[in-house]
4 protein chains.
Amino acid sequence: MVFVLASSLCILPSDIIEEMNKNRLEAFSDGVFAIVITLLVLDIRIPKVDYAHLWDAIIAIMPKIISYVYSFFIIGIYWVSHHNITRWITAIDRTIIWLNITLLLFVGFIPFPTSLMGEYPFQKIPIVLYGLTLLASNLTGYLTWRYVSKNNRFLDPNIPEKEIRGINMSFLFVNLFYVIAIGVSFVNPYLSYIMFLSVVAYLVIFRSKEHKQHKSKIT
Amino acid sequence: MVFVLASSLCILPSDIIEEMNKNRLEAFSDGVFAIVITLLVLDIRIPKVDYAHLWDAIIAIMPKIISYVYSFFIIGIYWVSHHNITRWITAIDRTIIWLNITLLLFVGFIPFPTSLMGEYPFQKIPIVLYGLTLLASNLTGYLTWRYVSKNNRFLDPNIPEKEIRGINMSFLFVNLFYVIAIGVSFVNPYLSYIMFLSVVAYLVIFRSKEHKQHKSKIT
Amino acid sequence: MVFVLASSLCILPSDIIEEMNKNRLEAFSDGVFAIVITLLVLDIRIPKVDYAHLWDAIIAIMPKIISYVYSFFIIGIYWVSHHNITRWITAIDRTIIWLNITLLLFVGFIPFPTSLMGEYPFQKIPIVLYGLTLLASNLTGYLTWRYVSKNNRFLDPNIPEKEIRGINMSFLFVNLFYVIAIGVSFVNPYLSYIMFLSVVAYLVIFRSKEHKQHKSKIT
Amino acid sequence: MVFVLASSLCILPSDIIEEMNKNRLEAFSDGVFAIVITLLVLDIRIPKVDYAHLWDAIIAIMPKIISYVYSFFIIGIYWVSHHNITRWITAIDRTIIWLNITLLLFVGFIPFPTSLMGEYPFQKIPIVLYGLTLLASNLTGYLTWRYVSKNNRFLDPNIPEKEIRGINMSFLFVNLFYVIAIGVSFVNPYLSYIMFLSVVAYLVIFRSKEHKQHKSKIT
C-alpha cells in the first residue's frame, strides 16, 4: 500500500478539477485558519477555585496564555504565507488540493502541541512536538510552492523570478530555524523558545522592514 | 390546525428558493466542512500527568491522532466531492438544499465515531458506527447527484455524459467499500481498517490516475 | 436605561452603514449558522467505559443524538429562512444589522437547550427553554421582516405582494406552533415534541409541496 | 545566524503583500468574529444534576447567560466597527495585516474573561481582565485607524474629513469608558457593569441617533 501510494504520488496528473475555483480553495482554507486560530482560546481555562484563589489560578495558567499569543501569531503567519502563495496561482489541480489539505491537517493540529507547551512550559517533549508540527506545516507549504513554481502552468506569468526564489528561501530559512529549535531543546529549552520567537520576529518584522528599504531603493 | 395549515398554503409564494444563490450554498457548506475538519483536534487531549509520564500519555493517545489524520482526509474528500458536484450545478431548488443539509448532518456527525475509533481502536462497534456515518454521507451525496443529473434543468448542459456516469460509479463504488468495511468488522476489524484506507487511496490517488488515462485517450 | 433603550429603538435612523455590503452581512451570518450547526456534535460524548459497556453507553445517549438531528434541521431552517429574507433586501441600515445580530444571538444559544433536551428528554423545563429560544429567534426574524417590508427603501421593488404576506404568515404560523409547543409541555411533553416535529415537517416538506402545486397552476 | 538573516534579506521580494485582496482580509476576520461569537455558548453548561434540581442549576448559571448576551453584543460591535473601518480602506500593507491579526488576538481572547465574569459575577479581577481585553482590542482598532487615516494612500479619497474625526473620537470615547470601568471596579463593581452597558448603549443606539441628527443637518 505504502509503495503504491509513494509511486503514484510522483505521477499525480492534471485532471478535471484543474479549473477548481481558486476562491473556494481560499475560502475553505481561510475557514480552517480562522477556526484553528480561534479554538486556541478554549485551552485557557481555570479550575473551579474560590474567588480568594482566583489570582493565583490566573498566574498558574500564564504559560497557557503565552502559548495562545504565540500560536495565534504563528497561525497568522501561515495564513499570510498561504495568501502569498495562492495570489500567484492561476490554476489548481488535484495535487495542489491535496497538498493544501495536508497543510491544513498540520496547521489544524497546532492546538494540541500548543496545549502541551502551556501545560508543560520549557520542557523537551512539548517543544519537539510543537517544532515538528510547525516543520511539517512549513515543509508542506514548501513542497506546494516547489510544485506550482516548477510548472509554470500554475503560476501567474507576471511573477518576477526574484519572488519565486524569495519565497523558496523564506521557506527553507524558516525550516532551518525549526530544525535548530528542535535540536537545541535537547540542550537548553530556553534557546528553543528564542528560536521560535525569532521566526515570528523574522517573518513579521524583518521581512517587512526589508520591504521598505527595497522599495525606497526602487523609488 | 390542519385547516389553518391548508389555508395558509394557498398564500405561500411559488418556488421562491429555486434560484438560490449557489455561492451561498457553497459558502455555508464550506463553512461546515471547515469547522468539522478543525473540531477533530479537540478530541486529542491528554489527561493531567506528571511530565515524567507525558511520553507514555502521548503514546496512549496515538490511536486518537491516527483517527484525526484519517478523518481529516475523509472530510477533505467530501469537501472535494462536494465541489465536484456543485461545479456542474446551475440551479438550486428546495430538494437540493435539504439534501445538502442532510449531507452536512452526517458529515457533521463524523467527529463522534472518530472519537470512538480513537478511544476503542480495532473494535467492532466504533467501526460499524464510523462506517454507517460515512455510508450515510455518501448515500446522501449519491441521491443528490441522481436528483440533479436526472433533471437536466439543474445541470450545466456542457457536462459530458461520461462525467455523469463517472461520478455515479464513484459513489456506488465507495458505498460498496463502506458496506464491506462494516461487514468484515464482524470477522476481522483489521480488514475494515484496510478497507477504509483503500477508499482514501482510491479517491485521492487512483481516481486521479484514471483521469489521466482518460484524458490521454481523448487527446 | 431601559426606557432610553426602548424609546430610541423606535427612532433608529438610517445612517452611514446604510450601504453596508450585503455580502458581508450574509458571510458573517452564514459563518455563525455554520458554526452553531457544527458545534452541536460536541455535546455527543460518551463517558469513559469499558468496551463491554460501550453499546449501553451509546444507547444511553440516544436522546442526545436525536436532539442533534432535530436542532441540525432547525438551524438549517433558520439558515434557509435567513436567505429567503436577505435575497429580497437591497439596502442595510443599523437597525437591520442589530436585528440580525440579535437573531444570531438566539440561534447561537440553541446548543444550550439542545443539550438540556438530550440530557433530560421529555421533561418540561428543557422543552420550555428550547421553545422560548426558537420563539425568540423566530420573533426576531419576524420583526426584521416587518421592518424591511414596511419601508420599501430596503426591499427589491420586484418582490410580489404575495411573497411579503407569505413570509409574514409563515413567521406567525411558526410562532403559533412554538407557543402551543411550550404550552402543552405543562400537560403532555410528548405533544410538545410532536409540535416541534410539525414545524420542521411544515417548513421542509409542506411548504415545498405547495410550491409545486402552485407552479403547475401557473404553467 | 544574524549573517544568514541579513544576507537572505537581500533576495526577498518587494512589498509583495501590499496589494493584498481586501476581500480575503475581511473574510478571514469575519470568520474569526463569527467563531468567537459562537464559541461563547460553549461556556454555558450545567453540571450533572437530578431533574428535580435542574431549575436551581439554571438559575445558578444566570450570570453566565448574561455574560453570553453581553459579550455577544460586544463582539457584534467590534464586527460592525471592523466593517466601518475596512469599507474606507482601499489598500492593505503588512502593518495593516498585523494590526488586524493583533486585533483578532484580543477579540479571540474575549471568551476567557467572559467565562470569568460568568463564574465570579461582580468581582474585581474578572472586571479588570474583561476591561483590559476590551481596551486592548479597542486600542488596536484605534491604532489601525490612525495608521490608515494618516497615510492617505490607504483610504478612499471620498471619505469626508468629519468621518475620520468621528471614528477617531468614537474610539477615544470608548477607550475612556473602559478605563473608567476598570478604575471604578476597585470602588464599586456595579458601577463597572453600568459603564460596560453604557458602551454598548452608546455604540448601538446613541451613535445611530447622532448620525441621524448629523444627516438632517446636512440635508
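Residues numbered from 1 in each chain as written. Chains lettered and ligands numbered in written order. Predicted model: local features only at pLDDT ≥ 70, side-chain atom pairs only at ≥ 80, totals over all residues. Heavy atoms only, no water.

1. Focus on the overall build of chain A
To keep it simple, the criterion reads: Helix and strand labels come from DSSP, where a helix needs a run of H or I of at least four residues and a strand needs a run of E of at least two; each type is numbered from the N terminus. Any residue under 20% of the maximum accessible area for its type is buried, any over 50% is exposed, and the rest in between are partly exposed; the area is computed with a 1.4 Å probe on protein chains only. In what follows, a contact means two residues having at least one pair of non-hydrogen atoms within 4.5 Å. Here the Shrake-Rupley method, with its probe set to 1.4 Å, supplies the accessible areas, and only the displayed protein chains count as covering residues.
Along chain A, the regular secondary structure elements total nine helices and zero strands. Burial analysis of chain A (219 residues in total) assigns 63% to the buried set. Counting only contacts in chain A whose residues sit at least 6 apart along the sequence, the fraction spanning at least 24 positions is 78%. Accessible area for chain A stands at about 9000 Å²; split by element, carbon and sulfur atoms hold 68% of it.

2. Notes on the confidence of the model for chain A
Residue and element names in this part refer to chain A. In plain terms, the rule: The predictor's confidence in any single residue is recorded as pLDDT, a number from 0 to 100.
When pLDDT is averaged along chain A, the result is 84; 84% of the residues meet or exceed 70. When the criterion is pLDDT under 50, residues 1–19 qualifies, and its contacts beyond four places in sequence or with other chains add up to 39 contacts. Overall fold confidence for the complex sits at a pTM of 0.87, while the interface term, ipTM, reaches 0.84.

3. Examining helix α2 (residues 22–39) of chain D
Stated precisely, the cut-off is as follows: To estimate how far a helix should reach, multiply one less than its number of residues by 1.5 Å.
The end-to-end C-alpha distance of α2 of chain D is 26 Å, a good match for the 26 Å that 18 residues give at a rise of 1.5 Å each. For α2 of chain D, a buried count of 15 out of 18 residues is recorded, marking the element as mostly surrounded by other parts of the structure.

4. Considering the packing of aromatic side chains
Residue and element names in this part refer to chain A. Let me state the cut-off plainly: The rule is short: rings of Phe, Tyr and Trp, with Trp giving its six-membered ring, pair when the centres are within 6.5 Å, and they are stacked under 30 degrees, edge-to-face over 60, tilted in between.
Taken as a whole and judged by the stated rule, the model has 64 aromatic pairs over all chains. Where Phe173 meets Phe177, the ring centres are 5.1 Å apart and the plane angle is 50°; that geometry is what we call tilted. Taken as a pair, Phe173 and Phe177 lie in helix α8 (residues 161–184) at a separation of four residues, close to a single helical turn. By the burial criterion, Phe173 is buried, and Phe177 matches it.

5. Some remarks on the side chain of Asn175 of chain A
All names here are of chain A. For Asn175, the location among the structural elements is in helix α8. Classification of Asn175 as buried rests on a relative accessible area of 7%. Those residues in contact with Asn175 that lie beyond four places of it in its chain are Leu135, Asn138, Leu139 and Tyr142.

6. Overview of the environment of Ala27 of chain A
Relative to the assigned elements, Ala27 of chain A resides in helix α2 (residues 22–39). Along the sequence, Ala27 of chain A and Gly108 of chain A sit 81 residues apart, while their C-alpha atoms lie 16 Å from each other.

7. Description of the packing of α2 of chain A against α2 of chain D
The following threshold applies: Helix axes are fitted only over the stretch in contact, all axes being lines through C-alpha atoms; the angle between N-to-C directions runs from 0 to 180 degrees. Here is the rule for angles: anything less than 35 degrees is roughly parallel, anything more than 145 is roughly antiparallel, 65 through 115 is roughly perpendicular, and the remaining ranges are oblique. Note on convention: the crossing is left-handed when the near helix lies turned anticlockwise from the far helix by less than a right angle, right-handed when the turn is clockwise. Side-chain classes follow a simple rule in which Ala, Val, Leu, Ile, Met, Phe, Trp, Tyr, Cys and Pro form the nonpolar group, Asp, Glu, Lys and Arg form the charged group, and the remainder, Gly included, forms the polar group.
Viewed as axis vectors pointing N to C, α2 of chain A and α2 of chain D meet at an angle of 40°, and their least axial separation amounts to 9 Å. Judged by the inter-axis angle, α2 of chain A sits oblique to α2 of chain D. Regarding α2 of chain A and α2 of chain D, the two cross each other, and that crossing is right-handed. Contacts from Glu26, Asp30, Phe33, Ala34, Ile35, Ile37, Thr38 and Leu39 of chain A of α2 of chain A reach α2 of chain D at Arg24, Ala27, Phe28, Gly31, Val32, Ile35, Val36 and Leu39 of chain D. Considering only residue class, the contact of α2 of chain A with α2 of chain D consists of 11 nonpolar, two polar and three charged.

8. Here we look at the nonpolar core
Short version of the rule: In this description, a nonpolar core means a group of buried Ala, Val, Leu, Ile, Met, Phe, Trp, Tyr and Cys residues linked to one another through side-chain atoms lying within 4.5 Å.
Membership of the largest hydrophobic core comes to 312 residues, with the highest contact counts inside it found for Trp145 of chain A, Trp145 of chain B, Trp145 of chain C together with Trp145 of chain D. Excluding anything up to four places from it in sequence, Trp145 of chain B contacts Ile85, Trp88, Leu155, Ile159, Ile164, Ile167, Asn168 and Phe171 of chain B.

9. As for a nonpolar patch on the surface
Residues and elements named next belong to chain A. Worth spelling out the cut-off: Patch definition: residues with relative accessible area over 30% and no salt bridge; like charges joined within 9 Å; nonpolar side chains (Val, Leu, Ile, Met, Phe, Trp, Tyr) joined within 5 Å. For this document, the term salt bridge refers to a Lys or Arg side-chain nitrogen within 4 Å of an Asp or Glu carboxyl oxygen.
A surface patch of nonpolar side chains, about 400 Å² in accessible area, is lined by Trp55, Ile59, Met62 and Ile66. At the level of elements, α3 (54–60) and α4 (62–86) are the ones that each hand at least two residues to the nonpolar patch. Mapped onto the secondary structure, Met62 falls in helix α4. Classification of Met62 by relative accessible area gives partly exposed; the value is 33%.

10. A short note on the pattern of salt bridges
Counted under the stated rule, the structure contains 20 salt bridges over all chains. With its nearest N and O atoms 3.5 Å apart, the salt bridge here joins Glu26 of chain B to Arg24 of chain A. Of this pair, Glu26 of chain B sits in helix α2 (residues 22–39) while Arg24 of chain A sits in helix α2, placing the two residues on different chains. Residue Glu26 of chain B shares its accessibility class with Arg24 of chain A, and that shared class is buried. Here Lys64 of chain D ties to Asp43 of chain D by a salt bridge, and the two come within 2.9 Å at their closest N and O atoms. Remark: Asp43 of chain D occurs in the loop between α2 and α3 (54–60) and Lys64 of chain D occurs in helix α4 (residues 62–86); sequence separation between them is 21 residues. Judged by its relative accessible area of 11%, Lys64 of chain D falls in the buried class. What makes Asp43 of chain D partly exposed here is its relative accessible area of 27%. Bridged by salt links that share partners, the residues Asp43, Lys64 and Glu119 of chain A together with Lys48 of chain B form one connected network.

11. Points about a positive patch on the surface
For clarity, the threshold we go by: Positive charges come from Lys and Arg alone, negative charges from Asp and Glu alone, with His and the N- and C-terminal ends not counted. By convention, charge coordinates are those of NZ in Lys, CZ in Arg, CG in Asp, or CD in Glu.
Together, Arg45 of chain A, Arg45 of chain B, Arg45 of chain C together with Arg45 of chain D give the surface a local cluster of positive charge. Within the secondary structure, Arg45 of chain D is located in the loop between α2 and α3.

12. Digging into the environment of Tyr70 of chain D
Residues and elements named next belong to chain D. Rules: By the criterion applied in these results, polar contacts are pairs of N or O atoms within 3.5 Å in which, for protein atoms, one can donate a hydrogen and the other can accept it, and in which residues neighboring in sequence qualify only through two side-chain atoms.
Structurally, the position occupied by Tyr70 is in helix α4. Here Tyr70 falls in the buried class, since its relative accessible area comes to 12%. In this structure, the C-alpha to C-alpha distance between Tyr70 and Glu161, residues 91 residues apart in sequence, is 33 Å. Not counting residues within four places of it along the chain, the set of residues in contact with Tyr70 comprises Tyr130, Phe196, Leu197 and Val200. A polar side-chain atom of Tyr70 sits 2.6 Å from the main-chain carbonyl oxygen of Phe196.

13. Topic: the environment of Lys124 of chain A
All names here are of chain A. With respect to the helices and strands, the residue Lys124 is situated in helix α7 (residues 124–150). For Lys124, a relative accessible area of 35% corresponds to the partly exposed category. Linking Lys124 and Ala52, residues 72 residues apart in sequence, is a C-alpha distance of 34 Å.

14. Considering the packing of helix α5 (residues 94–109) of chain A against α7 of chain A
Residues and elements named next belong to chain A. At a minimum axis separation of 8 Å, α5 and α7 run at an interaxial angle of 165°. Between α5 and α7, the angle is such that the two are roughly antiparallel. Regarding α5 and α7, the two cross each other, and that crossing is left-handed. Within the contact between the two elements, α5 uses Thr95, Ile96, Leu99, Thr102, Leu103, Phe106, Val107 and Phe109 and α7 uses Thr133, Ala136, Ser137, Thr140, Gly141, Leu143, Thr144, Tyr147 and Val148. Along the lines of polarity and charge, the residues of the contact of α5 with α7 split into 10 nonpolar, seven polar and no charged.

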